[in-house]
Amino acid sequence: MSLLGRGAQIGNIRGQKQKMENPETTVINTSVKQKDPEKALVIAVTTRAIFNLEKEHEIFLLKGKEEYVKHQKTNENNPLEPGTAFAFIQAVQFVNKKLLERDPEEKRLFDVIVLSNNSPESGLRIINSAKQYGLEISKFCFVSDEDSTQYLKTHNVKLFLSADRTDVCNALQRGVSAALIAQQEIQAPRSQLRVVFDGDAVLFSDETDRVFREKGLEGAIAYEKSMESVPMGEGPLKAFALHLGKMRKKFDQEDSPIRTYLVTARSGREMGIRAIKTLREWGLAIDEAFFMDGAPKGPILSKIRPHIFFDDGLHNIQGALDVGIPSALVPCDCSAEAEAHRTM
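Residues numbered from 1 in each chain as written. Predicted model: local features only at pLDDT ≥ 70, side-chain atom pairs only at ≥ 80, totals over all residues. Heavy atoms only, no water.

1. Description of the pairing of strand E6 (residues 110-116)
And then number 1: Of all 7 residues in E6, 7 are buried, a share of seventy percent or more.
And then number 2: What you see with E6 is no split at all: Phe110, Val112, Val114 and Ser116 on one side and Asp111, Ile113 and Leu115 on the other are buried throughout.
And then number 3: Bridge count for strand E3 (residues 41-46) against E6 is 6 bridges, and the pairing is parallel. Residue leucine 41 lies in a different strand from E6, and its bridge partner there is phenylalanine 110.
And then number 4: Where E6 and strand E7 (residues 137-143) come together, 5 bridges link them in parallel fashion. From the neighbouring strand, valine 112 faces E7, where its bridge partner is isoleucine 137.
And then number 5: Assessed by its sense of winding, the connection that carries the chain from E6 through helix H6 (residues 124-133) to E7 is right-handed. (Buried < 20%, exposed > 50% of the residue type's maximum accessible area, 1.4 Å probe, protein only. Helix = DSSP H or I, 4+ residues; strand = E, 2+ residues; numbered from the N terminus. Pairing = 2+ DSSP bridges. Right-handed = clockwise from strand over helix to strand, strands pointing away.)

Dropping the structure here:
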């Protein structure tokens, strides 16, 4: 039976199977109003980011693709458990609802697509799970290429979330904001979208981090003071943060369905001024900023309870995981990894 035939049997998600350019197959969710990709904030998530597929991934690694596909087909009507990015996508839907309540003709909405290395046939379980949870995913893109990130620009993606480090590095090198989802069980609120950004090497460039590694803390403080009036370079998530900020400005602070935070290891007294001036120069309003002066971030994150926390430090990600915060690593060594791979 073809996917199109199956699609007629799965209710709201009736599979329009659309060949775009080989080897990508896109299944359009006809129960969700399609957004204008030129105006929407497009978020691409992999199946392992949005659903808990660790058991299935183990089957694939240990028993091979054939057994994995067989398992998915056998269980295609059994919904997958939510993954780390699940609550984030639910909160994104809440923002869309509030935007459309303000203006039914609003075009600048979130648009969520799934990017998967499954075949359309084995991916039917993904489609069914999204339907059963009521997730407003507009497209399911099934890609057979090893590097699926080459299709991100085709879909005008502004943020890519994946559980595969290579995919994330490939996306970052293509100029797309991307982060590596940490697998965990999470319990995040479903209403107001809360996003926490680290500063250096996430929102901002890693220039001060490099000075710190070369000259220590005193050297980094001196560098920041000498550069106080010069905006920092852009980090890998600046573009996404700016798009999110434009949505945030559509609401008053009191009733906004979006709240953004900066939680940085910088000290506010000695290294905070340049960060604030940089955000001002970019026109990026952050609701709350916490300058931790090197203190652990876990305690403040447990108070914020964000849907997602972006950081470039593994120790900070682990600290967030320890208090149950959905987290995503922004790798800072992708270029070095790529160079090492080329020279092997």
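2. Let's talk about the packing of helix H3 (residues 54-63) against helix H4 (residues 65-74)
And then number 1: Viewed as axis vectors pointing N to C, H3 and H4 meet at an angle of 150°, and their least axial separation amounts to 7 Å. Comparing their axes, H4 and H3 come out roughly antiparallel. Listed contacts from H4 to Lys55, Glu56, Ile59, Phe60 and Lys63 of H3 are Lys65, Glu67, Tyr68, His71 and Gln72. (Axes fitted to C-alpha atoms, helices over the stretch in contact; angles between N-to-C directions. Parallel < 35°, antiparallel > 145°, perpendicular 65-115°, else oblique. Contact = heavy atoms within 4.5 Å.)

3. Describing a positive patch on the surface
And then number 1: A surface patch of positive charge is lined by Lys33, Lys39, Lys107, Arg108, Lys246 and Lys249.
And then number 2: Tracing the sequence through the fold places lysine 107 in the loop between helix H5 (86-102) and E6.
And then number 3: Look at lysine 107 and you get partly exposed, because its relative accessible area is 40%. (Patch = residues over 30% accessible without salt bridge, like charges linked within 9 Å, V, L, I, M, F, W, Y side chains within 5 Å. Areas by Shrake-Rupley, 256 points an atom, 1.4 Å probe, with all protein chains shown as cover. Salt bridge = Lys/Arg side-chain N within 4 Å of Asp/Glu carboxyl O. Lys, Arg positive; Asp, Glu negative; His and termini not counted. Charge placed at Lys NZ, Arg CZ, Asp CG, Glu CD.)

4. Examining the pattern of salt bridges
And then number 1: Per the counting criterion, the structure on display carries 18 salt bridges.
And then number 2: With a closest N to O distance of 2.5 Å, arginine 174 and aspartate 147 form a salt bridge. Pair noted here: arginine 174 is in the loop between helix H7 (165-173) and strand E9 (178-181) and aspartate 147 is in the loop between E7 and strand E8 (157-162), with a separation of 27 residues, a long-range link.
And then number 3: For arginine 174, a relative accessible area of 35% translates into the label partly exposed.
And then number 4: Measuring nitrogen to oxygen at the nearest pair gives 3.9 Å for the salt bridge that ties arginine 259 to aspartate 287. In this pair, arginine 259 is assigned in strand E11 (residues 258-264) and aspartate 287 in the loop between helix H10 (268-282) and strand E12 (288-291), connecting sequence segments 28 residues apart.

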